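Each chain, letter by letter, is given below.
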Amino acid sequence: MIRKFLNEGIPSFFYNYDTGAPFTKCAFCDENLATKSRYAVEKMINQNISLQSREIVYEYALCWDCATTMGGDISEDSKLAIQALYNEHGESVVRKLDYLHRTEKYTLDSWLERCSLTGKEIRLCSEFSVSGIVEDGNLVFEQSPMVVSDEFMYKLQSV
């Protein structure tokens, strides 16, 4: 069973890097996110493991309407292939979510230390993405924050 926990506010990790504040506009429709009850934030991060440094490659926020609409732009064959890949790794997600909710680890670090789909430690990734859902000004701990490792990204690109 998926449970929802609303963090108080939005952790600074999910802020706009350039402004140091929460995102204000949807990257797709340019609407003010303050007028939306739910939106998603995604960040793509390159990591130099030997130098122990990270760099944000891109980041954006999408209102929930745009996020839902964008899913409709993918071909049916691609949707089926992507869904099959996620189904193949779904058990890892469920185990991770169950553990984190059961132990009440509602700190960002707990949710971001491993890929949500493969279990690969993020410290071993050359790149990874992190997405989170913001609802009524709070980060949602539910199926997000979701971490996708370089390993899973390569699998996703292959389908």
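The structure presented is a predicted model; accordingly, all values stated were derived computationally and were not measured. Every residue gets a number counted from 1 within its own chain, in the order that chain's sequence is written. Confidence filtering applies because this is a predicted model: local features only for residues at pLDDT of at least 70, side-chain atom pairs given and counted only at 80 or more, and all residues used for totals across whole chains, interfaces and linings. To get the side-chain values, all heavy atoms of the structure are used, and hydrogens and water are removed first.

### Observations concerning the packing of helix α2 (residues 76-102) against helix α4 (residues 150-158)
Right, on to step 1. The axes used here are C-alpha line fits, helices contributing only the stretch in contact, and every angle between their N-to-C directions lies in the interval 0 to 180 degrees. Where helices and strands are cited, they refer to DSSP runs of H or I of at least four residues and of E of at least two residues respectively, numbered from the N terminus. Where α2 meets α4, the axes come as close as 9 Å, and the angle between the chain directions of the two elements is 145 degrees. Considering only the axes of α2 and α4, their crossing is right-handed. Along its contact with α2, which presents I82, L85, Y86 and H89, the element α4 presents F152, K155 and L156.
Right, on to step 2. Classification convention: Asp, Glu, Lys, Arg as charged; Ala, Val, Leu, Ile, Met, Phe, Trp, Tyr, Cys, Pro as nonpolar; all other residues, Gly among them, as polar. Residue composition of the contact of α2 with α4, by class: 5 nonpolar, 1 polar and 1 charged. Two helices cross in a left-handed way if the nearer one is turned anticlockwise from the farther one by less than a right angle. They cross in a right-handed way if the turn is clockwise. Contacts were defined at the residue level, with two residues in contact if any of their heavy atoms lie within 4.5 Å.

### Focus on empty space enclosed by the protein
Right, on to step 1. Using a 1 Å grid laid over the protein atoms alone, points where a 1.4 Å probe fits but cannot get out form a cavity; open sets with protein on both sides within 12 Å along at least 5 of 7 lines form a pocket; any residue with an atom within 4 Å of a point counts as lining. Grid points are joined across faces, edges and corners, and a volume is the space filled by probe spheres set on the points. Counted according to the given criterion, the structure contains 1 cavity of 30 Å³ or more.
Right, on to step 2. Taken as a whole, the largest cavity spans an internal volume of roughly 30 Å³.
Right, on to step 3. As for the largest cavity, its lining consists of V93, K96, L97, S116, Q143, P145 and M146.
Right, on to step 4. Among the elements that make up the lining of the largest cavity, the one with the highest residue count is α2 (3 residues).

### Things to note about the packing of aromatic side chains
Right, on to step 1. Aromatic pairing here means that ring centres of Phe, Tyr or Trp (its six-membered ring) are within 6.5 Å. Orientation follows from the plane angle: under 30 degrees is stacked, over 60 is edge-to-face, and everything else is tilted. A full pass over the atoms with the stated rule returns 3 aromatic pairs.
Right, on to step 2. Between Y58 and Y60, the ring centres sit 6.0 Å apart and the planes meet at 10 degrees, which makes this aromatic pair stacked.
Right, on to step 3. Only protein chains enter the area calculation, which uses a 1.4 Å probe; residues under 20% of their type maximum are buried, those over 50% are exposed, and those in between are partly exposed. Given the relative accessible area of 36%, Y58 is considered partly exposed.
Right, on to step 4. Only when the NZ atom of a Lys or the CZ atom of an Arg is both within 6 Å of the ring centre and within 35 degrees of the ring normal do we say a charge sits over the ring. In this structure, R38 is placed above the aromatic ring of W64, and the distance from its NZ or CZ to the ring centre is 4.6 Å.

### Focus on the layout of surface pockets
Right, on to step 1. Estimates place the volume of the largest pocket at around 1,400 Å³.
Right, on to step 2. Only β2 (38-48), β3 (53-63), α1 (64-71), α2, β4 (127-135), β6 (146-149) and α4 provide two or more residues apiece to the lining of the largest pocket.
Right, on to step 3. With 9 residues, the single largest contributor to the lining of the largest pocket is α2.
Right, on to step 4. Across the lining of the largest pocket, the residue classes break down as 22 nonpolar, 10 polar and 2 charged.

### Some words on α2
Right, on to step 1. With 27 residues, α2 should reach 39 Å at 1.5 Å per residue; the first-to-last C-alpha distance of 36 Å fits that figure.
Right, on to step 2. Of all bends in α2, the biggest is about 50 degrees, found at H89.
Right, on to step 3. Here α2 has its buried residues at L85, H89, V93, K96, L97, L100 and H101.
Right, on to step 4. In this structure, the buried side of α2 is in contact with α3 (108-112), β5 (138-141), β6 and α4.
Right, on to step 5. Remark: E104 follows α2 within two positions and exhibits a positive phi of approximately 55 degrees. Here a helix's expected span is defined as the number of its residues, less one, multiplied by 1.5 Å. The angle separating two fitted axes, one through the seven residues that finish at a residue and one through the seven that start at it, defines the bend at that residue.

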